[in-house]
Amino acid sequence: MLPSVKEAEILLEEAENCNPGPWGNHSRVTAHCARKIAEACPALDPGKAYILGLLHDIGRKFGTRHLGHVSDGYTYMMSLGFDEAARVCLTHSFNNKTTDDYIGKFDTTAEELGIIQKELAGITYDEYDLLIQLCDSLAGAEGVMDMEERMADVKRRYGSYPQEKWDRNLEIRRYFEAQTGKDIYTVVEKDTFKPTAHRTIVRFYESVQDALLRFAVIIAKSNGKYVFCRHRDRDTWEVPGGHRECGESILDTAKRELYEETGALDFSIEPVCVYSVTSPDSFEGRESFGMLFYAEIRSFEPELHSEIEEIEITDTLPDRWTYPLIQPGLLQFAKEKGYPEAVPAERSF
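Counting from 1, residues in each chain are numbered in the order their sequence is written. Only residues with pLDDT of 70 or above have their local features reported here, since the model is predicted, and side-chain atom pairs are shown and tallied only from 80 upward, although totals for entire chains, interfaces and linings are computed over all residues. Hydrogen atoms and water are omitted, and side-chain values are computed over all heavy atoms in the structure.

**Observations concerning the overall build of the chain**
Under the scheme used here, helices are H or I runs from DSSP no shorter than 4 residues and strands are E runs no shorter than 2 residues, and both carry numbers assigned from the N terminus. For the chain, the helix and strand inventory stands at 12 helices and 7 strands. Viewed in the frame of its principal axes, the chain has a C-alpha envelope of about 70 × 45 × 40 Å. Three exposure classes are used, based on accessible area relative to the maximum for each residue type with a 1.4 Å probe and protein chains only: buried under 20%, partly exposed in between, and exposed over 50%. Burial statistics for the chain: of 349 residues in total, 51% are counted as buried. Residue contacts follow a heavy-atom distance rule, with two residues in contact if any of their heavy atoms lie within 4.5 Å. Of all intrachain contacts in the chain linking residues separated by at least 6 positions in sequence, the fraction that spans at least 24 positions is 73%. What sets the accessible areas is the Shrake-Rupley method with a 1.4 Å probe; for residues, cover comes only from the shown protein chains. Element-wise, carbon and sulfur atoms account for 48% of the exposed surface of the chain, whose accessible area totals about 16,500 Å². His residues and chain termini do not enter the charge count, which takes Lys and Arg as positive and Asp and Glu as negative. Charged groups are reduced to one reference atom each: NZ for lysine, CZ for arginine, CG for aspartic acid, CD for glutamic acid. Mean positive and mean negative side-chain charge positions of the chain (40 and 61 charges, respectively) differ by 4 Å.

Written as structure tokens, this is what we have:
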């Protein structure tokens, strides 16, 4: 099982926010190469190849580890039910199906290493395993690299590069050149392709100039449970909030949006912090600022009178967020600031 392309892109962005670094664009270059080669191979699915390329290094979400990122990625993808992505998290680093020629530190626990070795022993490599191994060896953070130059760079940085592994990479390249009937560098657009990071960045501030505050978002609680909203045109869930109107104070924005989106009548509300969002999909990529609030709702109107179709009062997080790269992080930050039980423990709806 695999996530959709959009879900895979979101997973990569979430991981980069946890552990920023060049590995994110390396994954995008790997995904581009995999898709281009798959497009030239009738037996391969370009969409699947692209998703596997995006997620092969997803274990780096959890910090700077060497062999450990293999174990982290495999465990993470399996926990989400994405067994095909979990597989390439394992296989991309071992083109000879053994940990003996792994380049880097063995920074796993004995249990993690045992899982890697056991799972590798039970896998028969298919063309997708080979494809991601090839593309991993072609992909730099800034674009497609010459494979031999990349392997030589790894050898300089780590002090060695097993000859058997070197030779196997070249063998896999020749295999896909025979499949496509073209030079592999032509297929993957080596001289022209550059990755674009569609990364959403959330930052937190104590304060900014009032004029910069463009929206208010409210973490709302009622009778010990949290209040989420669903817009009538969507099947996803969100924290109440919206944009500031002309002449409105940011506190009045929060009060109005809380009433409009939840029907809250009697409530207390207070600011938590300023936060900002920088996203290529919003405000032409410029940093935009809002205020995060926390509210306790004591009573509601019996009916909603806005674009919100329904609210959910719950002690669990939604499975489907409207803003998955933003709002879960807001709840986490509120928890760290000491707001009571600001992050529910489980997910259900």
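**As for unusual backbone geometry**
In this structure, K97 takes a positive phi of about 60° despite not being glycine. Mapped onto the elements, K97 comes out in the loop between α5 (83–91) and α6 (110–121). For E189, which is not a glycine, the phi torsion comes out positive at approximately 60°. For E189, the location among the structural elements is in the loop between α10 (184–187) and β1 (201–205).

**Concerning the pattern of salt bridges**
Salt bridge, as applied in this entry: a Lys or Arg side-chain nitrogen positioned within 4 Å of an Asp or Glu carboxyl oxygen. Under the counting rule described, the total for this entry stands at 23 salt bridges. Between E84 and K48 there is a salt bridge; the shortest N-O distance is 2.8 Å. Of this pair, E84 sits in helix α5 while K48 is found in helix α3 (residues 46–55), placing the two residues 36 residues apart along the sequence. Between E238 and R234 there is a salt bridge, with its nearest N and O atoms 3.3 Å apart. Under the relative-accessibility criterion, R234 is labelled partly exposed at 30%. The network of salt bridges with common partners includes E245, E248, R256, E257 and E260.

**Brief notes about the nonpolar core**
Working definition of a nonpolar core: buried Ala, Val, Leu, Ile, Met, Phe, Trp, Tyr and Cys residues. They are joined through side-chain atoms within 4.5 Å. I37, L55, M77, F94, L131, L134 and F176 are the most contacted members of the largest nonpolar core, which totals 61 residues. Non-local contacts of L134, meaning those with residues more than four positions away in its chain, are made with I37, M147, I172, R173, F176 and I184. Judged by nonpolar contacts, the second largest core, of 21 residues, contains I219, V272, C273 and V277.

**Focus on the confidence of the model for the chain**
Every residue is assigned a pLDDT by the predictor, reflecting its confidence on a scale from 0 to 100. For the chain, the average pLDDT comes to 90, and 96% of its residues sit at 70 or higher. Highest mean pLDDT in the chain belongs to α3 (97); lowest belongs to helix α8 (residues 147–158) (86). The low-confidence segment residues 345–349, where pLDDT is below 50, has 20 contacts with residues more than four positions distant or belonging to other chains.

**Section: the packing of helix α1 (residues 5–18) against α3**
Axis angles are defined between N-to-C directions and span 0 to 180 degrees, where every axis is a line fitted to C-alpha atoms and, for a helix, only to the segment in contact. Look at α1 against α3: their axes get within 9 Å of each other, and the N-to-C directions meet at 10°. With respect to α3, the axis of α1 lies roughly parallel. Together, V5, A8, E9, L11 and L12 of α1 and Y50, I51, L54 and L55 of α3 make up the contact between the two elements. Any residue outside Ala, Val, Leu, Ile, Met, Phe, Trp, Tyr, Cys, Pro, Asp, Glu, Lys and Arg is labelled polar, Gly included; the first ten of those are nonpolar and the last four are charged. For the contact of α1 with α3, the residue count by class is 8 nonpolar, no polar and 1 charged. Roughly parallel means an angle under 35 degrees; roughly antiparallel, over 145; roughly perpendicular, 65 to 115; everything else is oblique.

**Brief notes about the packing of aromatic side chains**
Put simply, two rings from Phe, Tyr or Trp (the six-membered ring, in Trp's case) pair if the centres are within 6.5 Å, and we call them stacked under 30 degrees between planes, edge-to-face over 60, tilted for the rest. Taken as a whole, this structure holds 10 aromatic pairs when the rule is applied. Ring centres of F62 and Y76 lie 5.2 Å apart, and the angle between their planes is 85°; on these two criteria the pair is classed as edge-to-face. Of this pair, F62 sits in the loop between α3 and α4 (68–79) while Y76 sits in helix α4, and the two are 14 residues apart along the sequence. What makes Y76 buried here is its relative accessible area of 12%.

**A closer look at α6**
Because an α-helix packs 3.6 residues into every turn, residues spaced three or four apart end up facing the same way. Expected helix span is taken as 1.5 Å per residue step, with the number of steps being one fewer than the number of residues. The end-to-end C-alpha separation of α6 is 16 Å, in line with the 16 Å expected for 12 residues at 1.5 Å each. Along α6, the residues that are buried comprise E112, I116 and L120. Projected down its long axis, α6 shows its buried positions confined to an angular sector of 65°, all on one face. Among the exposed residues of α6, those oriented more than 90 degrees off its buried face are A110, E111, K118 and A121. For α6, the elements touching its buried residues are α4 and α5. The arc refers to the directions leading from the helix axis to the C-beta atoms.

**Re the packing of α4 against α5**
Remark: α4 packs on α5, axes separated minimally by 8 Å, with the N-to-C direction vectors making an angle of 175°. Here α4 is positioned roughly antiparallel relative to α5, judged by the angle of their axes. Contacts between α4 and α5 pair V70, G73, Y74, M77 and M78 from the former with D83, A85, A86, C89 and L90 from the latter. Per-class residue counts for the contact of α4 with α5 are 8 nonpolar, 1 polar and 1 charged.

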